[in-house]
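Examination of the molecular architecture
Spelled out, the chains give:
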Amino acid sequence: MVSSRPRTYTVEAVIVRASDFGEADRLVTLLTPFAGLVRAVARGARKPKSRLGGNVDLLRHIRVSVNEGRSLHSISQAQSLFSLRGLHTSLEKMSTGIYMAELAERFSVEGGSNPALFNHLVRTVQALDAEDLHMLMPRWFEMQVLQINGFLPTITSCVDCGSDLEPQGHVFSPERGGIVCPDCRASESDVLLPAALNTVKILRHMARAEWQAVQPLQPGEDELRQIGRILKEHLEFVLDRNVRSTAFMDEVTRWRPGK
Ligand SMILES: [Zn+2]
């Protein structure tokens, strides 16, 4: 028998979005390993004596009790699982962390289980907190998010004809989703981004390596710019074409009458 009474459950989560709400509350979006996004209000969190207080700030990794409500869930208890120290000393690190949380959120839906994405966010935020900021960290984070969700660009052969890549003359097509060889580059009139050999090598490395193996790399400014542009455009294309429609389909399925 299904109970109509509100349910309370405890879950591990990272806060990927937080904003002030009402007089003294916070509205938070939690990313959880097995239930995707959960939106909830932390009542009284902005009161000086609140026990929720700092535990419901952005990027916190917490264990939290969620009380399901009819229209809005609420949080009654939150225990910090990892204290962020280095993050709060650097605006650049903090904004990098916020960007990564937003990206994880955009690849997530309510009710969608994705423990690999959750663990990736947790581990990367911890590394960001502990280490000096590395310009490749947000790019590696993006590459792994694409990998986890099955949207990696084609970077080992030409995305059009499948031929092996020679050392020179390649470009990246966000629309086609990968590297295009010189023979195929003129076949369509899409936007083509420069992709030098080293850029492609770093992209390949980031797709398969743990952060510890990427961290020693020191790419030049040109490579960083190319990598940044390729991933930005690829992500925009993927998010526009796939993730929104996937999220929309999930919503449709969830709200189908009789479910
Ligand atoms: Zn080709």
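Rules of the game
Residues numbered from 1 in each chain as written. Predicted model: local features only at pLDDT ≥ 70, side-chain atom pairs only at ≥ 80, totals over all residues. Heavy atoms only, no water. Core = buried A, V, L, I, M, F, W, Y, C linked by side-chain atoms within 4.5 Å. Buried < 20%, exposed > 50% of the residue type's maximum accessible area, 1.4 Å probe, protein only. Helix = DSSP H or I, 4+ residues; strand = E, 2+ residues; numbered from the N terminus. Domains from an automatic or database assignment. Contact = heavy atoms within 4.5 Å. Donors = N, O, S within 2.8 Å, 3.2 Å for Na, K, Ca; no water. Tetrahedral: all angles 85-135°; square planar, octahedral: opposite > 155°, others 65-115°. Salt bridge = Lys/Arg side-chain N within 4 Å of Asp/Glu carboxyl O. Pairing = 2+ DSSP bridges.

1. Things to note about the nonpolar core
Ranked by internal contacts, the top residues of the largest apolar core, which has 70 residues, are Leu30, Val64, Phe107, Leu121 and Met206. Among the elements that take part in this core, helix H2 (residues 115-130) stands out by supplying 7 residues, more than any other. Residues lining this core come from more than one domain, with at least three contributed by each of domain 1 (8-120) and domain 2 (135-254). Residues in contact with Leu121, not counting those within four places in the same chain, are Val14, Val16, Leu31, Met100, Ala101, Ala104 and Phe141.

2. Topic: the coordination of the zinc ion
By definition of the ideal shapes, four donors in a tetrahedron about a metal sit 109.5 degrees apart, and six donors in an octahedron sit 90 or 180 degrees apart. Distances from the zinc ion to its protein donors, Cys158 (SG), Cys161 (SG), Cys181 (SG) and Cys184 (SG), fall within 2.3 Å. Here the zinc ion binds 4 donor atoms, and the angle range of 105 to 112 degrees at the metal identifies the geometry as tetrahedral.

3. Details of the pattern of salt bridges
Opposite charge on two side chains permits them to pair, given that their charged atoms come into close proximity. Evaluated as defined, the whole model comprises 13 salt bridges. Close ionic contact of Arg17 with Glu105 constitutes a salt bridge, the shortest N to O distance being 2.9 Å. Of this pair, Arg17 sits in strand E1 (residues 8-21) while Glu105 sits in helix H1 (residues 91-106); the two residues are 88 residues apart in sequence, bridging distant segments of the chain. Residue Arg17 is classed as partly exposed on the basis of its relative accessible area of 41%.

4. Brief notes about the pairing of strand E3 (residues 36-42)
Taken residue by residue, a regular strand's side chains alternate between the two faces of the sheet. Within E3, 6 of the 7 residues are buried, which leaves it mostly tucked inside the rest of the structure. As paired elements, strand E2 (residues 25-32) and E3 share 7 bridges and run antiparallel to each other. Paired with Leu30 across the strands is Val38, a residue of E3. Here 2 bridges tie E3 to strand E5 (residues 73-82), and the two strands are oriented parallel to one another. In the sheet register, Val41 faces E5, and the bridge partner there is Ser74.

5. Some points on the side chain of Ser157
When you line up the elements, Ser157 lands in the loop between helix H3 (137-148) and strand E6 (171-173). The contacts of Ser157, once residues within four sequence positions are left out, are Gly162, Ser163, Leu165 and Ile179.

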